[in-house]
Amino acid sequence: MSCFGGDPNFCPECGSILPLPGIQDTVRCPRCSFCIPVTEFAGQEICSTVIFNLVEQSSLASEVQEDSQLKGPVIDRRCSRCNKEGMIYHTRQMRSADEGQTVFFTCTHCRYQEKEDS
């Protein structure tokens, strides 16, 4: 009896994604070597849809984002512009992987942004 069931694109023994049927008459799970006849996939159809955002919508989204509340963790850091306490931060890997990440700070009061390389 199988541990997993349902979608024939997944191995019923270990739950791994099965490879696409090829030239062989069986499909073999790469993890546990479970075998299933390729005829089990007969008649299956895969459909996908890609929806692109219109240019007007993307510019409106950025305006809404600017007007929305700032989100993220707030730390005790004094803003160098308004001298008030409380800045939101986020990090990004801007340089190569063996170097530190860059920390971006945004003031919760005046929205002044500054960065710090670590």
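The text that follows walks through the structure, step by step, so that each part is easy to find.

So, how was this worked out
Residues numbered from 1 in each chain as written. Predicted model: local features only at pLDDT ≥ 70, side-chain atom pairs only at ≥ 80, totals over all residues. Heavy atoms only, no water. Pairing = 2+ DSSP bridges. Helix = DSSP H or I, 4+ residues; strand = E, 2+ residues; numbered from the N terminus. Phe/Tyr/Trp six-rings, centres within 6.5 Å; stacked < 30°, edge-to-face > 60°. Lys NZ or Arg CZ within 6 Å of the ring centre and 35° of its normal.

For a regular strand, the rule is simple: side chains alternate between the two faces of the sheet. Strand direction decides the pairing type here: strand β3 (residues 74–78) and strand β4 (residues 85–92), joined by 3 bridges, are antiparallel. Bridging across to β4, Val74 finds its partner in Ile88. What sits between the antiparallel neighbours β3 and β4 is a turn of 6 residues, in which Asn83 has the positive phi angle 65 degrees.

Another aspect to go through is unusual backbone geometry. In terms of backbone geometry, most residues other than glycine have negative phi values and most peptide bonds are trans. Positive phi outside glycine occurs at Asn83, with the angle close to 65 degrees. Tracing the backbone shows Asn83 in the loop between β3 and β4. The phi angle at Arg111 is positive, at roughly 65 degrees, despite the residue not being glycine.

Moving on, we come to the packing of aromatic side chains. This model, assessed by the stated rule, comprises 0 aromatic pairs. Above the ring of Phe105, the side-chain terminus of Arg77 is found at 3.8 Å from the ring centroid.

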